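Secondary and tertiary structure notes
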Amino acid sequence: NHEVTQAEYQSVTGGNPSQFTGDLNRPVEWVSWEDATNYCALLPQVERTAGQIPSTGGYRLPTEAEWEYACRAGPRTTRFGYGDDLSNTALDNYAWYLGNNGSTTHPVEQKLANPWGLMDMHGNVWEWCQDRADTYPGGSVTDPQGPGSGFSRVIRGGGWNTVPGNCRSASRSYSNP
């Protein structure tokens, strides 16, 4: 229900690329897209060995559409998963961002959850999506998929060092893997 912590990442991969260390309950950061997809591939192996998931279970990064749907907690059209908040007055209750970050990331699950119980969807660290970056297709589309080629990957959610607008449910950016 939250971003992957440094402890979770380290227990699966054996490493911790994070800049903000000292509390393993902080989200892991400075992971490349390849690092994130590698974690998704390794985690089920660890969980199968521990008998936590069936032999056919697995993980992957969400598509951009899946991430936004989860952030909004369904087909809602509000600016944030918790509502419209046009003046960003409630954002402090849901996100670590430029206005309240103290120049660092923070442990997960310190802010309120969205209506589905998902935490840390806004701020703290940007989150990788499966999709490659491109402009949205025109017209009405259900569960759009990113382009089949290209280098950059989509990141969503905003981060500890971003302005409130980058924490909106619809805000998107991209980074090179």
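We now turn to the structure provided with this report. Owing to the predicted nature of the structure, the values given are computational and were not obtained by experimental measurement.

1. A few points about the overall build of the chain
- Scanning the chain from N- to C-terminus turns up 3 helices and 3 strands.
- Helices and strands appear in the chain in the N-to-C order α-α-α-β-β-β.
- A compact globule built from 177 residues would reach a C-alpha radius of gyration of about 16 Å, and the chain, at 16 Å, matches this within 12%.
- Considering only C-alpha atoms, the chain reaches an extent of 45 × 40 × 30 Å along its principal axes.
- Here the chain, with 177 residues, has 43% of them falling under the buried criterion.
- When contacts within the chain are restricted to residue pairs at least 6 apart in sequence, those whose partners lie at least 24 apart make up 57%.
- When the 12 positive and 19 negative side-chain charges of the chain are each reduced to one mean point, those points stand 4 Å apart.

2. Points about the pattern of salt bridges
- This structure, assessed with the given rule, holds 5 salt bridges.
- Glu68 is the partner of Arg72 in a salt bridge, and the nearest nitrogen-oxygen pair spans 2.8 Å. Separated by 4 residues within a single helix, Arg72 and Glu68 lie in helix α3 (residues 64-72), roughly one turn from each other. Each of the two residues, Arg72 as well as Glu68, counts as buried.

3. Looking at the sheet that holds strand β1 (residues 127-132)
- Taking strand neighbours across the sheet as the criterion, the 3 strands line up as β1-β2-β3 in an open arrangement whose pairing is antiparallel. At either end of the open sheet lies a strand with only one pairing partner, and these are β1 and β3 (172-175). Strand-to-strand twist across the sheet, computed as the mean angle between neighbouring axes with direction ignored, equals 40 degrees.
- Each of β1, β2 (153-156) and β3 touches α3; the most contacted strand, β1, lies at about 140 degrees to it.

4. Here's the deal with the side chain of Thr105
- On the secondary structure map, Thr105 appears in the loop between α3 and β1.
- Among all residues touching Thr105, those that are not within four sequence positions of it are Phe20, Arg26, Pro27, Glu29, Asn124, Val125 and Trp160.

5. Section: the environment of Gly158
- Its location among the elements puts Gly158 in the loop between β2 and β3.
- Linking Gly158 and Ala70, residues 88 residues apart in sequence, is a C-alpha distance of 15 Å.
- Those residues in contact with Gly158 that lie beyond four places of it in its chain are Gly123, Asn124, Val125, Trp126, Asn166 and Cys167.

What counts, and at which threshold
- Position labels on residues start from 1 in each chain and follow its written sequence.
- Residue-level local features of this predicted model are given only where pLDDT is at least 70; pairs of side-chain atoms are given and counted only at 80 or more, and the full residue set underlies all totals for whole chains, interfaces and linings.
- Here the side-chain values reflect all heavy atoms present in the structure, with hydrogen atoms and water set aside.
- Secondary structure is summarised from DSSP: a helix means a run of H or I of at least four residues, a strand means a run of E of at least two, and numbering begins at the N terminus for each.
- All radius of gyration figures rest on C-alpha atoms, and the globule criterion is 2.2 Å times the number of residues raised to 0.38.
- Accessibility here uses a 1.4 Å probe with only protein chains present; expressed as a share of the type maximum, an area under 20% marks a residue as buried, one over 50% as exposed, and anything in between as partly exposed.
- It only takes one pair of heavy atoms within 4.5 Å for two residues to be counted as in contact.
- Under the convention used here, Asp and Glu are negative, Lys and Arg are positive, and both His and the chain ends fall outside the count.
- Charge positions are represented by NZ for Lys, CZ for Arg, CG for Asp and CD for Glu.
- Salt bridge, as used here: a side-chain nitrogen of Lys or Arg that lies within 4 Å of a carboxyl oxygen of Asp or Glu.
- We treat two strands as partners when DSSP finds at least two bridges between them.
- Where helices are involved, their axes are fitted lines through C-alpha atoms of the stretch in contact, as for all axes, and angles between N-to-C directions lie from 0 to 180°.

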